[in-house]
Amino acid sequence: MPEVMRAIEISAPGGPEVLRLCERPVPQPAYGEILIRLDYAGVNRPDALQRAGLYAPPPTASDLPGLEGAGVVVALGDGVTEWAVGDSVCALLPGGGYSEYVTCPAKHALPVPAGMDMKQAACLPETFFTVWSNVFMRGGLKAGERFLVHGGSSGIGTTAIQLANAFDARVFTTAGSEAKCEVCRELGAEVAMNYREADYVEVLRDAGGANLILDMVGGDYIPRNIKALADEGRLVQIAFLQGPKVELNFAQIMMRRLVVTGSTLRPQSDLAKARIADQLREKVWPLLDAGTIAPVMDSEFALEDAAKAHARIEDGDHIGKIVLRVR
């Protein structure tokens, strides 16, 4: 085991250019943790927010960006019984994924699905933990319900479309071009709308209203989402690309018995994340093993080109997931 590793650090808050290749000591697994030698790391929008100084890591987490990855278990902390050295895993990480080695709670790792390579597996944890916990655990999506997800061509969107479709919901989505909308339809969306041309509120109201909406846009989408919901519908907010503050008429929420909720994944307790992992292993991993669903891949960059990966995620043109090749 080497004593030092290559990693990408944030030299100062700013644009993609502040990401810098460095050397760091190889971390050691604490009680209940595993040490993973990473092959690939996923690149996600929260990484870009952290780089910009807008999303501080938890006090106990690494200051290095990176919330998911896939590789091989190379060491076990005390108390770990569910994994062995040599196991191939993908894992939800508290941070530190832009590196050759990373530690995480053993219960936040899942096996690499059958027939899937490390590159694909590295794209699973952050989006699948987020979508499953918000759409199914928090949002309570049921078969036959009308489900609207914004940003359908994003990593979250492509995952949400596939999962909702697999569990027999009717999927509606928005995206920024006809090419992106077509990808969404191919993944199982019944209706994909170019938000530059169509009013999703009118489309959903004509269909009877959305029973559940997953939104990461915020801003003026929030009151529009309320209008697009069916009576007793649910709005789940997971991010605010257009800001978190808006004027909202709560009389509509009361009169139509709506539920407005939301969550962020990273600050949740280790136990909460372990419970999400347990449900994913039981309900979703068989679908991945069977090839029924799979991550949609956009592009791959070398670890030292992390700045280019961040520029890609911010240019708005990507479809699906972006990864860093660590090894």
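To be clear, the structure that these remarks concern was listed above.
Residues numbered from 1 in each chain as written. Predicted model: local features only at pLDDT ≥ 70, side-chain atom pairs only at ≥ 80, totals over all residues. Heavy atoms only, no water.

(A) The arrangement of the environment of Ala122 in detail. Among the structural elements, Ala122 can be located in the loop between helix H2 (118-121) and helix H3 (125-138). Among the residues examined, Ala122 registers a relative accessible area of 0% and is labelled buried. Along the backbone, Ala122 and Val112 are 10 residues apart, and their C-alpha atoms lie at a distance of 8.8 Å. Sequence-distant contacts of Ala122, defined by excluding residues within four places in its chain, comprise Tyr40, Ala41, Gly42, Glu68, Gly69 and Ala70. (Helix = DSSP H or I, 4+ residues; strand = E, 2+ residues; numbered from the N terminus. Buried < 20%, exposed > 50% of the residue type's maximum accessible area, 1.4 Å probe, protein only. Contact = heavy atoms within 4.5 Å.)

(B) Structural detail: the side chain of Asn225. Residue placement: Asn225 occurs in helix H7 (residues 221-228). Among the polar contacts made by the side chain of Asn225, one reaches the side chain of His150 at a distance of 2.9 Å. Other than its neighbours up to four places away in sequence, Asn225 contacts His150, Tyr200, Ile213, Asp215 and Leu235. (Polar contact = N/O pair within 3.5 Å; in protein donor to acceptor, adjacent residues only side chain to side chain.)

(C) Main features of the pairing of strand S3 (residues 33-43). Counting buried residues along S3, 10 of its 11 residues qualify, which places the element largely inside the surrounding structure. Both S3 and strand S6 (residues 101-105) contribute to a ladder of 5 bridges, which runs antiparallel. Note on S6: the bridge partner recorded for Arg37 is Tyr101. The pairing of S3 with strand S4 (residues 68-76) spans 7 bridges and is antiparallel. Bridge pairing in S4 links Tyr40 to Ala70. Direction of pairing for S3 relative to strand S15 (residues 321-325): antiparallel, over a ladder of 4 bridges. Across the sheet, residue Gly42 finds its bridge partner in S15, namely Val323. (Pairing = 2+ DSSP bridges.)

(D) Highlighting the pattern of salt bridges. Under the counting rule described, the total for this entry stands at 21 salt bridges. Measuring nitrogen to oxygen at the nearest pair gives 2.8 Å for the salt bridge that ties Arg185 to Glu178. We classify Arg185 as partly exposed; its relative accessible area is 30%. Bridged by salt links that share partners, the residues Glu9, Arg20, Arg24 and Asp63 form one connected network. (Salt bridge = Lys/Arg side-chain N within 4 Å of Asp/Glu carboxyl O.)

(E) The arrangement of helix H4 (residues 155-166) in detail. Here H4 spans 17 Å end to end across 12 residues, near enough to the 16 Å set by a 1.5 Å rise per residue. With 10 of 12 residues buried, H4 is to be regarded as a mostly interior element. Along H4, the residues classified as buried are Gly155, Ile156, Gly157, Thr158, Thr159, Ala160, Ile161, Gln162, Leu163 and Ala164. Just beyond H4, the residue with positive phi is Asp168, at close to 70°. (Expected span 1.5 Å × (residues − 1).)

(F) Region of interest: the packing of aromatic side chains. Counted by the stated rule, this structure contains 5 aromatic pairs. Linked through ring pairs, Trp132, Phe136 and Phe167 together constitute an aromatic cluster. (Phe/Tyr/Trp six-rings, centres within 6.5 Å; stacked < 30°, edge-to-face > 60°.)

(G) Structural context of the pairing of strand S8 (residues 146-149). Neither face of S8 is open: one carries Arg146 and Leu148, the other Phe147 and Val149, and all of them are buried. Summarising the sheet, S8 and strand S9 (residues 170-175) pair through 4 bridges and their orientation is parallel. Within S9, the position partnered with Val149 by the bridge is Thr173. For the crossover from S8 across H4 to S9, the handedness is right-handed. Across 3 bridges, the pairing between S8 and strand S11 (residues 210-215) is parallel. Note that in S11 the partner of Phe147 across the bridge is Leu212. (Right-handed = clockwise from strand over helix to strand, strands pointing away.)

(H) Quick peek at helix H9 (residues 270-289). A bend of about 45° at Arg281 is the largest found in H9. Lys273, Ala274, Ile276, Ala277, Leu280, Val284, Trp285, Leu287 and Leu288 are the residues of H9 that are buried. Against strand S5 (88-92), strand S7 (109-111), H3 and H4 lie the buried residues of H9. After H9 finishes, the residue Gly291 shows a positive phi value of roughly 80°. (Bend = angle between axes of the 7 residues up to and from the residue.)

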